[in-house]
Every structure is written in structure tokens, then in C-alpha cells.
Amino acid sequence: MKKHLFLSCVCVIFAANAQSKKTPMTQLPTPPKATIKPKKLEKHGDVRTDNYYWLNERENPEVISYLEAENEYYEKMTAHTKKFREELFEEMKARIKEDDSSVPYFYNGYYYITRYEKGKDYPIYSRKKGSLTAPEEIMFDCNEMAKGHSYFNLGGLNVSEDNQWVAYGVDTVSRRQYTIQVKNLKTGEILPVKIENTTGGSTWAGDNKTLFYSRKDPVTLRSEYIYKHKLGTPATDDKVVFHEEDETFSTFVYKEKSKKYLVIGSSSTLTSEFRILDAKKPDGEFKIFQPRTRGLEYSISHYQDKWYVLTNKDKATNFKVMVTPEEKTGKDNWKDLIPHRKDVLVEDLDIFKDYLVISERSNGLNKIRIRPWKGEEYYLPFESETYTAGTASNPDFDTDVLRYSYQSLATPSSVIDFNMKTKEKTIMKEQEVLGGKFDKNNYVEERIWATANDGTKIPISMVYRKGIQKDGKNPLLLYAYGSYGASIDPYFSSVRLSLLDRGFIYAIAHIRGGEDLGREWYENGKLLKKKNTFTDFIDCSEFVIAEGYTSPKHLYAEGGSAGGLLMGAIVNMAPQLYNGVIAQVPFVDVVTTMLDDSIPLTTGEYDEWGNPNDKVYYDYMKSYSPYDNVTAQAYPNMLVTTGLHDSQVQYWEPAKWVARLRVMKTDNNVLYLDTNMEAGHGGASGRFEALKEVAKEYSFLLDLEGIKK
């Protein structure tokens, strides 16, 4: 969902147990110092002085030089952990089955498989016609395609209904600007047409020769156009079929599972709108399903002669399911099928020929509800308190089998096929943890509840090895996100075992701003209630300390992107609670970014953070924006990460933040900025290259604990 620099004197190293022997002051590298170039920023009569605004000049050699100097400083200061980092990497890699394969799924006459080969970083996409014993057809070998690129990502694979053509998107920069191409699966030929600056996603019309796709604004990267491409024609002849003019919306295109309709969607944080067209008539006009109405959110699924609508209509805060005739799509025709429930969030629908499957969330836990079109409905049984379950890839319409996934903090992920008719389940695959040392019975899972400052109960999921004592001496890593209604469910990670087996407790704080406990949980952690996200995390931190799980000397915090904003806020508000903090690609310069509508995502974020052109929101943002609130105080040890090509959180936000922290902080704790000069928001590409970044983070934490191996 994914670096910083600093140290001012040798005292920090002893205080943090970061080095095993004394180092003369003269041998310590000097932390880089960004040049101060004051820039006055005025809004609503308020003047802010940004000394490091100039760091946003991506092509400026002085900027690149500064970032490289920070990287060099990080490497020098952590040189004593280099061998340990390499050992951690090999340890984590050794748990992963290299020659792995996905569970095949059947669609339109073919079994589709994603597999990995030993020693290779990238997937191979293949298919088999009619039977798993049929010859393998390799569609894409990403290991070959990635050669010559420091970053590579293949996405948006979309096969035509006649099984002859596949459209796909490639990003070799990590800025999420994909080039779409088309491959002939019968001949292996890749057509010469290249469609630049897209989301990578596309969909075929029913005629097997018309491709619809979304294109981005080259500056803001907002997906604002839907184009139509005809096979055999140049991309310059492609026609615009829809332009989303509202800068707070983005647009996308797909085909219904029933294959009858093409759908163009437009969405913002609070509002959605769809247009539909007969998939076999791609040159027709799209018809609006239900015109956008601010605050009305809905999604649509087609089945037989009806549409099923998941919506918040009629103040259904946690959403409900409605149904409407195929030809009468306006909201006045929608009728309740599954009414709104105050304590149950409806998250998604999966439609099959004989079943409607509803994904719900109750008391913070996933539920899967199966409703036959004829017969009694029921729920899949789950017993654990910290599990994650959800429907998986179910593209086949005419089947009794529902594929879903299940995992917990101590239970590896499983892919399960459930026969909705016989209620029999078959475990198709359970994630293997290699090495022969892992036994899930060696770990304890808990869900505990902290009390927030306003009395709200905040759930915390945690896992640790058996035998840990609540004596305040355990290192504990507390993770959270807390924005956009994104729920962080308890998930298994074989990589995380490198911390657990060295005595760490790992915990997830399900704070407001996510949707873990329903839509109101999200509403109470956004806009003018955003500070609940930060105070919830602080209250969770104080709770695990009070309960003896850890202490400020051993408590660590981690978050990325909007979760990096969370990290920036908590180190300003309660730095004394943490020994170390990892802020991955952190969104920390809230006011300046939200005032710059040329930056990717800004205008579409107004409903999440507020529009600072309104003084009320400007003042509120400024009161918590991490960059604006850096002050002269002691800060924890910190590792900050970023990517030069990040399209979500621009690299200069963490760079500016670190530069300001270096000048303002009064402590001797370490501060590192680590910039991946070849990657973006998601970090390095390749399944094993990404582990090297995790090894850096883990070595940072373990080094602070004095754990050397």
C-alpha cells in the first residue's frame, strides 16, 4: 500500500545502542544540510516561510545532489548494520517459495496461472485451454520484459472474449503512467501501437476489436479521459468517448461480469456516477445510470434483467443493497433488497448465476454472506478474533464455487474454494513458510481495546511469540494507516517473523479514519475530525505501555503515505512515547500540497482533507500539518523513506521535512532520509528487491534495540 537522514553527535549512538563500540567524534560523518532559501507563502492573510520550498525542483542538480548526499550519509551511519541487513534479507527470502504458483482460475474456456521461477524476481503469466493438463501458453514473462529496466511493472491484463487479444499496461518509471499495448495470443505478435500516459487499465467491447481505456492528465496524473481504440488503427485516431471535467473526480472503464454492458465510472471521495452501453454496440452512446448527486455513492452489478446497487442512498451510512429494473436505472426506481443496518458495513457484492455474495464488516471483522437466488441465506463460519477473509478472483459467472481467502496474524494465507450448494470447502493452497522453523502454534494473537480520549474504544490486533511477559521490556512495533476509509485487517507476513522471532510484538491500531468499524469510523477521522486519527494512535500507544506490553524505551511506530502523515503528527504531538519511528513516503506538507492543484491527487482529495482555499480548513490543516508544526524539541530516532518518482506523495515532502527537523530538533537521536532514486510510491519492483527495503527498516529497529543478529 510505501526515507530521511540525521544525527548531530555521538551521544545518539550510545543512547540508541546503535553501535557496539565508541566512535571518536571526529570520525562521525556530518549530516547533510539543505541550503536555506526562504520563500513566503501567503493565504488568507497568513504568511508561512518555507526555507526548503526549492527542493521541489526535480531536475535541479542541486536537489539531486542533496538527496544523494542524504543517501550517502545514511549508508555511512548504518555501515555497521550492512552485514546484518544482508543476513535479514537472505533470512526473509529463504522463507519464500521461489518456484511458486497461484491457484489457477477458470475464465471463458481457459485456466489462468501466475507463477514464479527460482532465482527470478518477476512473474510469468500463462494459461491452459480447457484443462490443467493442456499445454501451457506463456502470455508474458516479466523477467524478460524487465531486462534493461531498474523498475518494471506489468498491469491491467485484459483478454478479449474471443481469447485472441490481450491488452496490457507497462510502467518502467514507477510513476503509475502506463503504456498500453496489445498482443495477439495466437501468433505471439505484439502490435506496434503504443498508447501512452494511461492508468494501464482497459476493457474489450463484445466485438473483440474495440478497446476502451482511461488516459491521465500528464501533470496532475488524474485519469480524466475515456478513449476508444480500434485494432489496426494508430493511437492518434483514438476517439474520446468521455471527459471527466470535474477536477475532484477520476474516471475508469470496465465490463460487467455478465458481459452485457460496458461501464464508465466517475468517482470522488463522496460521490459516484456511472454510464452504461451495450458491450456489443461499442460505437453507441453511453447512457447515464444515475446522475451524480453530491454525497450519493453507489456501485452497480448486472444480472439477468436487473441491476443490483450498493449505495448509501437514504442516509444509509453503512450502505445497503438495492435492486432496479434493467431499463429503469434512476434512483427513484431503486428498491431495498438488503436494508441498511447501523452496525454492519456492506463492502462489496459478487454476483453469480445462482447466488448473490455480500462482503460485510461487523465489529471490525469480515463476514461473507451467501444469498441463493432461491433458498435460505447463510454466513461462512469464522471463529478467530484477528482474521482477515475476503472473496478472491471469481470471474466465472456460471458456477457454484466461491473462491475466498483467509489468513490471520499467525495463520498463513489460504485460498479456499467453497461450494455454495453443498457447503463443502476445499483448501486449494496454503502459503508455505519455508525453512522448517515456523509453527503457528508458537504465536499468540490478541485483539485488545484501548480507550480514546473521548471515550471511544479503539481495537488493536497484535501477535507475538508465546512466553512474552508484560514487564514493559518488550519491543513493540505499532502500525496504522487511518485515512481514506482504508481498513487495515490482521494479515499474515512471513517477513514479519524476523521481528517476532527476535522478541518483537507486532500490533495494528485500527484507528478512526479507516473504515474498520464501519462508515462512521471513517467519517470521524477525516476533514475537521482528522485529529482523531492522531490522538487515537497516541491513546493506543499509551494503552500498550500502561498494560505492560512495552515502554517508551521500546515502543516503535510505523506508517506510510497518509500513514506517514500520522507518523509526522504523532512525533510532533507525543515524541516522548517512542524510541523509534519509520515514516514511509510520508505525506507531511499538507497545507502547501493541498493548495497546489497541479500536484497529482490534490483536487480529488478535498473531500478527504478539506479545501484550504476555505480558511476554516486552512487553519485546521495548518494546526496538524507535520512540516508546519516541527518545533524545537526532542524527537525519536527516525527513518524516513521516499522515491524520486513517487506520483502519490512527492519526494520533496519528506526531503523538506527532514531538512527542517535537522535544524529544529534538540536531541541527539538518529534521523535518516533514504531516497530510492529509481522508484516511486510503491518502492522497488520485483518480489525480492522489495525485501531489501524491508531489511533496512528491520535493521533500523533491531539496531535500536541492540539486537545484532
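Each remark here, short or long, concerns the structure printed above.
Residues numbered from 1 in each chain as written. Predicted model: local features only at pLDDT ≥ 70, side-chain atom pairs only at ≥ 80, totals over all residues. Heavy atoms only, no water.

## Let's talk about the overall build of the chain
Then, in step 1: Within the chain, the regular secondary structure consists of 13 helices and 38 strands.
Then, in step 2: Relative to its length of 709 residues, the chain is compact, with a C-alpha radius of gyration of 26 Å against a globular reference of 27 Å.
Then, in step 3: Along the first, second and third principal axes, the C-alpha set of the chain runs to 75 × 55 × 55 Å.
Then, in step 4: Counting every atom, the chain has about 28900 Å² of accessible surface; 49% of that belongs to carbon and sulfur. (Helix = DSSP H or I, 4+ residues; strand = E, 2+ residues; numbered from the N terminus. Rg over C-alpha atoms; globule rule 2.2 N^0.38 Å. Areas by Shrake-Rupley, 256 points an atom, 1.4 Å probe, with all protein chains shown as cover.)

## Some words on the pairing of strand 38 (residues 671-676)
Then, in step 1: Counting buried positions along strand 38 gives 6 out of 6 residues, so the element sits mostly inside the fold.
Then, in step 2: Alternating positions in strand 38 separate into two faces, L671, L673 and T675 on one and Y672, D674 and N676 on the other, with burial throughout.
Then, in step 3: The pairing of strand 37 (residues 637-643) with strand 38 spans 6 bridges and is classified as parallel. Residue M638 lies in a different strand from strand 38, and its bridge partner there is L671. (Buried < 20%, exposed > 50% of the residue type's maximum accessible area, 1.4 Å probe, protein only. Pairing = 2+ DSSP bridges.)

## Things to note about the environment of Y464
Then, in step 1: Tracing the backbone through its elements, the reader meets Y464 in strand 32 (residues 457-465).
Then, in step 2: Residues within four places of Y464 in sequence aside, it is in contact with N442, Y443, V444, E446, L500, F504, I505 and Y549.
Then, in step 3: Only 2.5 Å separates the side chain of Y464 from the side chain of E446, close enough to count as a polar contact. (Contact = heavy atoms within 4.5 Å. Polar contact = N/O pair within 3.5 Å; in protein donor to acceptor, adjacent residues only side chain to side chain.)

## Comments concerning the sheet that holds strand 27 (residues 387-391)
Then, in step 1: The 4 strands are arranged 27-28-29-30 in an open sheet whose pairing can be described as antiparallel. The two strands at the open ends of the sheet, each matched to only one other strand, are strand 27 and strand 30 (425-430). In this sheet, neighbouring strand axes are inclined to one another by 25° on average, regardless of whether the strands run parallel or antiparallel.
Then, in step 2: In this structure, strand 27 lies alongside strand 28 (residues 401-408), joined through 5 bridges in antiparallel fashion. The residue bridging G390 from the neighbouring strand is S405, located in strand 28. (Axes fitted to C-alpha atoms, helices over the stretch in contact; angles between N-to-C directions.)

## Some points on helix 7 (residues 531-546)
Then, in step 1: With 16 residues, helix 7 ought to run about 22 Å at 1.5 Å a step, and its terminal C-alpha atoms sit 22 Å apart, in line with that.
Then, in step 2: Turning to helix 7, its buried residues are N532, T533, F534, T535, D536, F537, I538, D539, C540, S541 and V544. (Expected span 1.5 Å × (residues − 1).)

## Section: the packing of helix 2 (residues 61-77) against helix 12 (residues 652-664)
Then, in step 1: The contact between helix 2 and helix 12 brings their axes to 12 Å, and the two run at 65°. Seen along the crossing, helix 2 lies across helix 12 with a hand that is left-handed. Side by side, helix 2 and helix 12 meet where Y66, L67, E70 and Y73 of the first sit next to A655, V658, A659 and R662 of the second.
Then, in step 2: For the contact of helix 2 with helix 12, a count of residues per class yields 6 nonpolar, no polar and 2 charged. (Left-handed = near helix turned anticlockwise from the far one by under 90°. Nonpolar A, V, L, I, M, F, W, Y, C, P; charged D, E, K, R; others polar.)

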